[in-house]
Amino acid sequence: MTTALEVASAVRDPELPVLTLADLGVLREVSEQDGRVVVTITPTYSGCPAIDEMGADLRRSLVSAGYEDVEVRLSLSPAWTTDWISDEGRSKLAAAGIAPPSRIGPSVAGPVPLNLVPPSRQVACPQCGSLNTSEISRFGSTACKALRRCNACAEPFEHVKEI
């Protein structure tokens, strides 16, 4: 029998199906005890509309694999960050023509500086690699992606925004 972790790790994200929930870093923990499987996931943000579908897909996949008692738990702390996307996940995004987010690094404790002007981003085109790209729309097909265009090859592409 395939382990519950293997089954859960293979479940695809409903909004970015080139990634698994494990690639995305949403899958936080899978435990098996006395025939019960508990899966903990962290949504990409607290209002993520795909979280119910993620839970349903996890339950469906685990039940299909022979696990009858499945519980999916949400954990909002620590908050998800794009730094949790695996290196393999970043490669899969780029291969699918979606620019992966930059790494943000560890957060600093203390006051958070507020800047009302969004930082300028240099996002490489996933088609040709040029950094000469511009944002067309802050929101793409989902709230976590922006729509950009490469000024070198003129191809439009999506970019997963850093969180």
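What counts, and at which threshold
Residues numbered from 1 in each chain as written. Predicted model: local features only at pLDDT ≥ 70, side-chain atom pairs only at ≥ 80, totals over all residues. Heavy atoms only, no water. Domains from an automatic or database assignment. Buried area = accessible area lost by both parts, 1.4 Å probe. Salt bridge = Lys/Arg side-chain N within 4 Å of Asp/Glu carboxyl O. Polar contact = N/O pair within 3.5 Å; in protein donor to acceptor, adjacent residues only side chain to side chain. Nonpolar A, V, L, I, M, F, W, Y, C, P; charged D, E, K, R; others polar.

1. Quick word on the domain arrangement of the protein chain
Piece 1. Partitioning the protein chain into domains gives domain 1 (4-74) and domain 2 (85-102 + 119-160).
Piece 2. Taking only C-alpha atoms into account, the centre of domain 1 sits 26 Å from that of domain 2.
Piece 3. Each partner contributes to the roughly 830 Å² buried at the junction of domain 1 and domain 2, and carbon and sulfur atoms together form 67% of this total.
Piece 4. By the criterion of area lost to domain 2, the three top residues of domain 1 are Leu16, Val18 and Asp23, representing 54% of everything that side buries.
Piece 5. At the boundary of domain 1 and domain 2, one finds one salt bridge.
Piece 6. Here lysine 92 ties to aspartate 23 by a salt bridge, and the two come within 2.6 Å at their closest N and O atoms.
Piece 7. Counting every contact that joins domain 1 to domain 2 gives two residue pairs in polar contact (both at pLDDT 80 or more).
Piece 8. Its residues assigned to classes, the side of domain 1 that touches domain 2 shows five nonpolar, one polar and two charged.

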